[in-house]
Amino acid sequence: MVVKELIEPRLEKIFSTNSYGYRPKKNAHQALESVRKNCWKTDWVIDLDIKGFFDNIAHAKLMLAIEKHVPENWVRLYPTVKFDFLGYSFQPGTAKSRKTGKLFLGYDCAISISSRKRIADKLGEIEVEKLSFKSIVGIAQYLNPMIRGWVNYYGRFRGYELSKVFQLLCKRLVRWARKRYKRYKTSLNRAYRWLDRVRIQYPYLFYHWQVGYF
């Protein structure tokens with residue numbers, strides 16, 4: 001809105017008087033009235049519609065036009081459209097409108113790659129697969145305070161990105177099971193099935209299971 005209020009009066013001065021789309025104080029009825037009057041003057045019509053205009057327009061030429069009329073750098077946005085802040089990455093991404101259900105290009109944040117790496121490094125430091133607990137219950141009690149912290153902080157915005165972290169934890173839990181139980185040493189699939197059974201039977205064992213991460 002700040003940008004709109006800054007550049008709209010400036011651009012309004014150079015728009016064609018016959019332009020009605022997305023213009024302040026102009027509407028479809030005014031456009032119809034204009035066409036109605038033009039029909040009294042001429043007996044021909046030119047109808048132009050560029051399909052996918054914003055998808056196909058030459059971006060470099062568009063930026064030249066913007067630079068001509070918008071000298072402020074902060075309005076144009078600097079080439080860097082992605083940045084990290086407080087463990088989150090802010091960047092453009094596809095989102096779905098809650099009202100229409102249609103996809104649009106939005107700007108949102110999710111756990112950053114560097115934050116995911118720090119969590120992965122922490123799991124590596126802990127060496128989950130080498131923990132000496134007699135059962136997976138002990139591992140859950142040991143890890144849950146950390147998991148709760150990760151979910152509560154990094155799950156606030158686009159929390160599904162945390163799934164990549166918990167996929168890594170899943171692999172480490174399977175490795176622990178294969179080291180702990182002889183029947184799983186020779187079968188990776190059997191070990192994964194075991195972990196699935198544990199999750200189904202005890203869905204509240206790990207904190208991330210409680211909130212829907214698997």
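Residues numbered from 1 in each chain as written. Predicted model: local features only at pLDDT ≥ 70, side-chain atom pairs only at ≥ 80, totals over all residues. Heavy atoms only, no water.

Novice: Explain the overall build of the protein chain to me, please; I cannot follow it from the model alone.
Specialist: Scanning the protein chain from terminus to terminus reveals ten helices and three strands. Over its C-alpha atoms the protein chain spans a radius of gyration of 28 Å, topping by over 25% the 17 Å that the globule rule assigns to 214 residues. With respect to the three principal axes, the spread of C-alpha positions in the protein chain is 90 × 35 × 25 Å. Across the protein chain, every contact between residues at least 6 apart in sequence was considered, and the portion connecting residues at least 24 apart equals 52%. Charged side chains of the protein chain number 41 positive and 18 negative; the gap between the two group centres comes to 12 Å. (Helix = DSSP H or I, 4+ residues; strand = E, 2+ residues; numbered from the N terminus. Rg over C-alpha atoms; globule rule 2.2 N^0.38 Å. Contact = heavy atoms within 4.5 Å. Lys, Arg positive; Asp, Glu negative; His and termini not counted. Charge placed at Lys NZ, Arg CZ, Asp CG, Glu CD.)

Novice: Where do I start with the nonpolar core in this structure?
Specialist: A general tendency of soluble globular proteins is for nonpolar side chains to be buried together. Within the largest apolar cluster, 35 residues are counted, with the highest numbers of intra-cluster contacts made by Val128, Ile147, Phe166, Trp194 and Phe206. Those elements that provide at least two residues to this core are strand 3 (103–111), helix 6 (113–126), helix 7 (136–154), helix 8 (163–180), helix 9 (188–201) and helix 10 (207–210). No other element matches the eight residues that helix 7 contributes to this core. For phenylalanine 206, the residues in contact, after removing those within four places along its chain, are Ile136, Ile139, Ala140, Leu143, Asn144, Ile147 and Leu173. (Core = buried A, V, L, I, M, F, W, Y, C linked by side-chain atoms within 4.5 Å. Buried < 20%, exposed > 50% of the residue type's maximum accessible area, 1.4 Å probe, protein only.)

Novice: Which parts of the structure should I look at to understand the pattern of salt bridges?
Specialist: Oppositely charged side chains can pair when the atoms bearing their charge come close. Enumeration according to the criterion identifies twelve salt bridges in this entry. Residue aspartate 108 pairs with arginine 158 through a salt bridge whose shortest N-O separation is 3.3 Å. Placement of the pair is aspartate 108 in strand 3 and arginine 158 in the loop between helix 7 and helix 8, with a sequence separation of 50 residues. Note that glutamate 129 is salt-bridged to arginine 172, the shortest N-O span being 2.9 Å. You can see glutamate 129 sitting in the loop between helix 6 and helix 7 and its partner arginine 172 sitting in helix 8, a full 43 residues away along the chain. (Salt bridge = Lys/Arg side-chain N within 4 Å of Asp/Glu carboxyl O.)

Novice: It is not clear to me how the side chain of serine 187 should be interpreted in this structure. Could you clarify?
Specialist: Here serine 187 shows up in the loop between helix 8 and helix 9. For serine 187, a relative accessible area of 14% translates into the label buried. Within the local environment of serine 187, its side chain forms a polar contact with the backbone nitrogen of arginine 190, the two atoms lying 3.1 Å apart. (Polar contact = N/O pair within 3.5 Å; in protein donor to acceptor, adjacent residues only side chain to side chain.)

Novice: Can you walk me through the environment of phenylalanine 166 in this structure?
Specialist: Counting through the fold element by element, phenylalanine 166 comes out in helix 8. For the pair phenylalanine 166 and leucine 188, spaced 22 residues apart in the sequence, the C-alpha separation amounts to 18 Å. Ignoring sequence-local partners within four residues, the contact set of phenylalanine 166 consists of Ile147, Trp150, Val151, His208, Tyr213 and Phe214.

Novice: Can you walk me through the pairing of strand 2 (residues 88–96) in this structure?
Specialist: Regular strands place their side chains on alternate faces of the sheet. With three bridges joining them, strand 1 (residues 83–85) and strand 2 adopt antiparallel strand pairing. The residue bridging aspartate 84 from the neighbouring strand is serine 89, located in strand 2. Linking two consecutive strands that pair antiparallel, namely strand 1 and strand 2, is a turn of two residues; a positive phi of about 55 degrees is found at leucine 86 within it. (Pairing = 2+ DSSP bridges.)

Novice: Sorry, what's going on with a nonpolar patch on the surface here?
Specialist: Taken together, the side chains of Val81, Phe83, Phe85, Leu86, Tyr107 and Tyr153 define a hydrophobic patch exposed on the protein surface, amounting to about 610 Å² of accessible area. Relative to the elements of secondary structure, phenylalanine 85 occurs in strand 1. Accessibility expressed as a relative area gives 49% for phenylalanine 85, which makes it partly exposed. (Patch = residues over 30% accessible without salt bridge, like charges linked within 9 Å, V, L, I, M, F, W, Y side chains within 5 Å. Areas by Shrake-Rupley, 256 points an atom, 1.4 Å probe, with all protein chains shown as cover.)

Novice: So what exactly am I meant to see when it comes to a positive patch on the surface here?
Specialist: Together, Arg183, Arg190, Arg193 and Arg197 give the surface a local cluster of positive charge. Assignment of secondary structure puts arginine 193 in helix 9. Judged by relative accessible area, which is 46%, arginine 193 ranks as partly exposed.

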